[in-house]
Amino acid sequence: MSYVSAASDEKPAVLSISSHVARGTVGNRAVVFALETLGYPVWSVPTVTLPWHPGHGPSTRIVPDAETFAAFAADLARAPWLGEVGAVISGYFGAPGQVEAVAALVDAVKARNPRALYLCDPVLGDGGADGAGRLYQPRAVLDAIRDQLIPRADIAVPNRFELEFLTGLEFSANNHLVEAASALGPRSVVVTSAYPLLRGGIGNLLVEDDTAILAEHRRIEGVPNGLGDLTGAVFLARKLAGLSGEKALQSTTAAVFEILARTTKRGKDELTLETDADSLKTPMAMVQIRRLATGGRRA
């Protein structure tokens, strides 16, 4: 089954729902730049506005009240141009009540365009200094994403800690990730920060249909924020372009790794997307691709 949702001479719009920062390349700043660089028009919906990523220090948060956000989403759901939208991608939420409005908006897009894709990046947490998972969203946000958005998603892009939070399980090997991703619900699940098979490496694991594919590259320490946002956006663009899961995973992993390596070489604290835009289109970085056993768990 192909995910292609647009004619070769006209790319669909993507509705992107996530945070907005004044400085930096996280949330919608990363997603919109990547998608527009790859030729996709974007409808951008901010869930929260921040001066910078919270990892840089405390700052003011501007979060629309629930009624205003729901009205904004409802306007988009009945927009006369909704048929332009061929995909939705959601990331960080500013408040639990926003999730229900986004679920209704996803339904409206799919009702207008049944071939539209929905990618859910459940931005919930990451690994702490001791390697254990750290949840940085309220439990109400986790529950809402798990119950309302994951069941609607065609593609999910959790890191392995977010997969733990969503499933209530603990993992220690990739076979555990494969089993959990297979049961999560979406047809395609990309687990970032998967367990490496190469010494000193790190990988992205794709579980799709009855296959599990690991794309690995060398680990870089002290990385900037925004890698998950960028991974989701690039993977979605590759799928909209009609690439197979394996080719989309390889190309996405290569692009993100190449940009990360160049950013850290420059000593920057934010991804240098504006300098490395060509890496989004034609990445040259090498990644190791391996097929893993699935145990026949995928339906």
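Note: the structure precedes this text.
Residues numbered from 1 in each chain as written. Predicted model: local features only at pLDDT ≥ 70, side-chain atom pairs only at ≥ 80, totals over all residues. Heavy atoms only, no water.

Caption draft 1: Summary view of the pattern of salt bridges. Using the criterion set out here, one finds 16 salt bridges in the structure. Ionic pairing is found between Arg146 and Asp147, a salt bridge with its closest N-O pair at 2.8 Å. Salt-bridge contacts for Glu208 lead to Lys239; the nearest nitrogen and oxygen are separated by 3.4 Å. Remark: Lys239 occurs in helix α7 (residues 227–240) and Glu208 occurs in strand β9 (residues 201–208); sequence separation between them is 31 residues. A single burial state applies to Glu208 and to Lys239, both of which are buried. A single salt-bridge network, built from bridges that share partners, covers Arg139, Asp143, Arg146 and Asp147. (Salt bridge = Lys/Arg side-chain N within 4 Å of Asp/Glu carboxyl O. Helix = DSSP H or I, 4+ residues; strand = E, 2+ residues; numbered from the N terminus. Buried < 20%, exposed > 50% of the residue type's maximum accessible area, 1.4 Å probe, protein only.)

Caption draft 2: Focus on helix α1 (residues 28–37). The set of residues buried in α1 consists of Asn28, Ala30, Val31, Val32, Ala34 and Leu35. The inward-facing, buried residues of α1 contact β1 (13–21), β2 (42–50), β3 (85–90), α7 and α9 (277–281). Gly39 lies just past α1 and shows a positive phi near 95°. (Contact = heavy atoms within 4.5 Å.)

Caption draft 3: Spatial organisation of the packing of aromatic side chains. Under the definition given, this model contains 0 aromatic pairs. Here Arg160 stacks its cationic end above the ring of Tyr195, 4.4 Å away from the centre of that ring. (Phe/Tyr/Trp six-rings, centres within 6.5 Å; stacked < 30°, edge-to-face > 60°. Lys NZ or Arg CZ within 6 Å of the ring centre and 35° of its normal.)

Caption draft 4: Inspection of the pairing of β1 at higher detail. Among the 9 residues that make up β1, 8 are buried, leaving the element largely enclosed by the rest of the structure. With 5 bridges joining them, β1 and β3 adopt parallel strand pairing. Residue Leu15 lies in a different strand from β3, and its bridge partner there is Val88. Looking at chain direction, β1 and β2 are connected through 7 bridges and run parallel. When the bridges of β2 are listed, His20 appears paired with Thr49. (Pairing = 2+ DSSP bridges.)

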